[in-house]
Amino acid sequence: MSNTLLWYTTRGAGAVTLILLSAVVMLGVLSALRAQSPSWPRFLTTGLHRNLALLTLVFLALHIVTAVVDPFTHLGWLAAVVPFSSYYRTFWLGLGVIAFELLAAIVVTSLARGFIGHGAWRAIHWLAYASWPIGVIHGLGTGTDAWSAWFFVLTAACVAAVAVSVVYRFTTGPRDPLATARTAFRSAVERRKES
Amino acid sequence: MKKELHISIDRIKCDGHGLCGEILPELIRLDDWGYPIIAPGPIPEQLMPLAQRAMADCPVLAIALRRTERHKPAAG
Amino acid sequence: MSHLRLLAGRDLMAGPEGLNEHHRRLGPLPAGGPELIDLLTRTGLTGRGGASFPLGLKWRSVATHSRGTAVVVANGAEGEPHSKKDRLLMTARPHLILDGAFLAARAVRAKQVVLYVGEDHHAARQSMSMALAERSEEERRLVRTVASPARYVAGDSSAAAHFANAGIATPTSTPPSPHESGVDGAPTLVQNVESLAHAALIARHGETWYRSAGRRGAAGTLLVTMSGGVAGPGVLEIEAGTTIAEAVEMAGGASEPAGAVLVGGYFGSWVNAQQAWELQLDAAALRTRGLSLGCGVIGVLAKRRCGVCETAGIMRYLAAESSAQCGPCFFGLRALADACSRVAERGSNPDDLHRLHRWANEVSGRGACHHPDGAVMFLQSALKTFSDDFTHHPAHWRAQVPGAKRPA
């Protein structure tokens, strides 16, 4: 395969991964907000969130494979799974590996959610959110055309969209209608220190 | 031998997300506050795939499919 | 011959009965063991915590799951506001309860006993603690005392186990229920303190003795708390099968003409006074009439008092006591209480009545514990017993100030 094709595929797949992952994060926020309308049921948010996450992994795999196979980068397969073990742009690539592994963890545990229980799954899922900022920084640091106009605009757009949705999520109150009452009751029936 | 399964909800885990009511309205309807009311009896065979989807899609894993209908034990 | 058994012995106001007096009166604690379960099954003794569940069945279930690691919880939380019997028993006859707890521990092969006593019930806590200090080293080592929060659902058996485990007295989802996995994950026997006291006496005196008390075919004695419109409210020990009319007489008679009786406390049902008098105070007899003995609270409501207003007040209390873990209970009971209050304050209207019936049907059975079920049964008994009052209730401001204009 021609080197140029591999090179373009790596960068292209990386960009698509960024877009898809940003969409996944925003859908996660919509899910927590229990957003719905007559034409957009809750299960559509959940379904898209899950399916786009899987699609993200597909493009991420393409991005990683083409990068490793490309002779120009001198990356071995090990570099794709062990963070900070490549000679090529060690730090920025390492970040990419971490983001990849966080995503892989959440996809694998989601498929096995029945076995590991909800509590453990939630913890890993929260950790997986970190894959987005790490992935963004990886993209800005590793790509040779990171500061070329199109990639910069694309990244800025994704960051803005996700930032707005995350800020909105944390400025609106808990959507669980029992959250406040439950906390209040629990503190009323907690064991008191013996006086 | 057909396996009869019933929808069972863990009422403490349930947070009223309501996805189950969207996916399986034939057997699950939501009360005035968004919490599920389950039609009694076993799940009809043609609705099993939807029941399994409702179970998988519940954000808090509050739905289970059990062989017997849950009856709460004595409180004492 | 006095039928007093639990409350036999020294005057109830003369302080707790100490260990020496207890032994002088009743003899030493029998050895006990798994055979006690058979004995209890034969007597048909049922629990006094509210569910009237047969002790023999419950103990056997825990014993079956136990591998020497079981836990006994002596439940003296007494969350029902008008009930005073458990406190009285703990304050006056603590050693009966401790005997029962240790016998239960031997029968189900438990290696831990938890005393669950209300944190505000100071006299009871002090009495149990002093009684424990008098027991043998071996017995004392088995026991730990935990103070139950003063909330209604804290007395639920899964809440008791949850509190012992995690320090929070909220009911938990079942399965697994406490008798399979409760305190420290071990099979747990949660038993009301009055039930344990009865077991302690049965272990000493046997089945024939147990059946020698009781009226109209019922067996044994039980504690009830008489409250409301009676001259001498308080705890009575009565023979099972005693009618409500007889019990009211024992409590000094009704202080004024009665309209209705609350049988079983807030977890029970309203009954029209005329029909209530001949009801027999025995778990089985009441069950055949669709009623429950509950924790033995018998509340007499004077005829001049409004059943709708009383019911609304109790519904508000029960709604506030929801642990807010399950939506149908928290929102449903509040909506039911609000609808009752609207009928009580602003008068009947078809919308509220329709909602009361609809929500009652929808809320029942959709919580993790029995709190919403009990509240709904209580409400439905009110809708039946006070049906005329519910459909024709005047707005109170109008009733109090005749001729006044309606506020804007």
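Quick note: structure is the one above.
Attention here is on the structure that accompanies the text. (Residues numbered from 1 in each chain as written. Chains lettered and ligands numbered in written order. Predicted model: local features only at pLDDT ≥ 70, side-chain atom pairs only at ≥ 80, totals over all residues. Heavy atoms only, no water.)

1. Remarks on the overall build of chain C
Argument step 1. Broken down by element type, chain C carries 18 helices and 9 strands.
Argument step 2. For chain C, the C-alpha radius of gyration of 22 Å lies close to 22 Å, the compact-globule estimate for 408 residues.
Argument step 3. With respect to the three principal axes, the spread of C-alpha positions in chain C is 75 × 45 × 35 Å.
Argument step 4. For chain C, the proportion of its 408 residues judged to be buried stands at 59%.
Argument step 5. Across chain C, the fraction of contacts at a sequence separation of at least 24, relative to all contacts at a separation of at least 6, is 71%.
Argument step 6. A total of about 15,900 Å² of accessible surface is found on chain C, and carbon and sulfur atoms cover 53% of it.
Argument step 7. Looking at charge distribution, chain C has the averaged site of its 42 positive side-chain charges lying 2 Å from that of its 37 negative ones. (Helix = DSSP H or I, 4+ residues; strand = E, 2+ residues; numbered from the N terminus. Rg over C-alpha atoms; globule rule 2.2 N^0.38 Å. Buried < 20%, exposed > 50% of the residue type's maximum accessible area, 1.4 Å probe, protein only. Contact = heavy atoms within 4.5 Å. Areas by Shrake-Rupley, 256 points an atom, 1.4 Å probe, with all protein chains shown as cover. Lys, Arg positive; Asp, Glu negative; His and termini not counted. Charge placed at Lys NZ, Arg CZ, Asp CG, Glu CD.)

2. What about the pattern of salt bridges?
Argument step 1. Tallying each qualifying case throughout the model produces 30 salt bridges over all chains.
Argument step 2. The partner of arginine 358 of chain C in a salt bridge is aspartate 32 of chain B, and the shortest N-O contact between them spans 3.1 Å. Of this pair, arginine 358 of chain C sits in helix α15 (residues 350-363) while aspartate 32 of chain B sits in the loop between β2 (28-30) and β3 (36-38), placing the two residues on different chains.
Argument step 3. In this structure, the salt-bridge partner of arginine 135 of chain C is glutamate 139 of chain C, at a minimum N-O distance of 3.0 Å. Across the pair, exposure class does not vary: arginine 135 of chain C and glutamate 139 of chain C are buried alike.
Argument step 4. Residues joined by salt bridges that share partners form a network here, namely Arg29 and Asp32 of chain B together with Arg358 and Glu362 of chain C. (Salt bridge = Lys/Arg side-chain N within 4 Å of Asp/Glu carboxyl O.)

3. Concerning a nonpolar patch on the surface
Argument step 1. Together, Leu30, Trp40, Leu44 and Leu48 of chain A make up a nonpolar patch on the protein surface, roughly 280 Å² of accessible area in all.
Argument step 2. Structurally, leucine 48 of chain A can be placed in helix α2 (residues 42-69). (Patch = residues over 30% accessible without salt bridge, like charges linked within 9 Å, V, L, I, M, F, W, Y side chains within 5 Å.)

4. A look at the side chain of histidine 95 of chain C
Argument step 1. Within the secondary structure, histidine 95 of chain C is located in helix α5 (residues 94-107).
Argument step 2. Residue contacts for histidine 95 of chain C: discarding those within four places in its chain leaves Glu17, Gly18, Leu19, His22, Ala131, Glu134 and Arg135 of chain C.

5. Side note on the interface of chain B and chain A
Argument step 1. In this assembly, 15 residues from chain B lie in contact with 13 residues from chain A.
Argument step 2. Note on chain B versus chain A: buried area summed over both sides is about 1,200 Å², and carbon and sulfur give 42% of it.
Argument step 3. Its largest share of buried area at the contact with chain A, chain B owes to Asp15, Glu22 and Leu61 of chain B, together 38% of the area lost on that side.
Argument step 4. Where chain B meets chain A, there are 2 salt bridges.
Argument step 5. Across the chain B-chain A interface, the total number found is 8 residue pairs in polar contact (both at pLDDT 80 or more).
Argument step 6. When contributions to the side of chain B that touches chain A are tallied by element, the ones reaching two or more residues are α1 (19-23) and α2 (48-57) of chain B. (Buried area = accessible area lost by both parts, 1.4 Å probe. Polar contact = N/O pair within 3.5 Å; in protein donor to acceptor, adjacent residues only side chain to side chain.)

6. Some remarks on the interface of chain B and chain C
Argument step 1. Counting residues at the interface gives 17 residues for chain B, matched by 28 residues for chain C.
Argument step 2. Buried area between chain B and chain C, both sides added, is near 2,000 Å², and the carbon and sulfur share of it is 57%.
Argument step 3. Counting across the chain B and chain C interface gives 3 salt bridges.
Argument step 4. Between glutamate 362 of chain C and arginine 29 of chain B there is a salt bridge, with its nearest N and O atoms 3.5 Å apart.
Argument step 5. Here chain B and chain C share 6 residue pairs in polar contact (both at pLDDT 80 or more) between them.
Argument step 6. Across the side of chain B that touches chain C, the residue classes tally to 8 nonpolar, 1 polar and 8 charged. (Nonpolar A, V, L, I, M, F, W, Y, C, P; charged D, E, K, R; others polar.)

7. Quick notes on helix α16 (residues 371-385) of chain C
Argument step 1. For α16 of chain C, built from 15 residues, the straight-helix expectation of 21 Å at 1.5 Å per residue is met to within 8% by its first-to-last C-alpha distance of 21 Å.
Argument step 2. Buried positions along α16 of chain C lie against β7 (258-263), β8 (269-272), α13 (307-320), α14 (327-346), α15 and α17 (387-391) of chain C. (Expected span 1.5 Å × (residues − 1).)

Any functional reading would require information that these geometric values do not contain.
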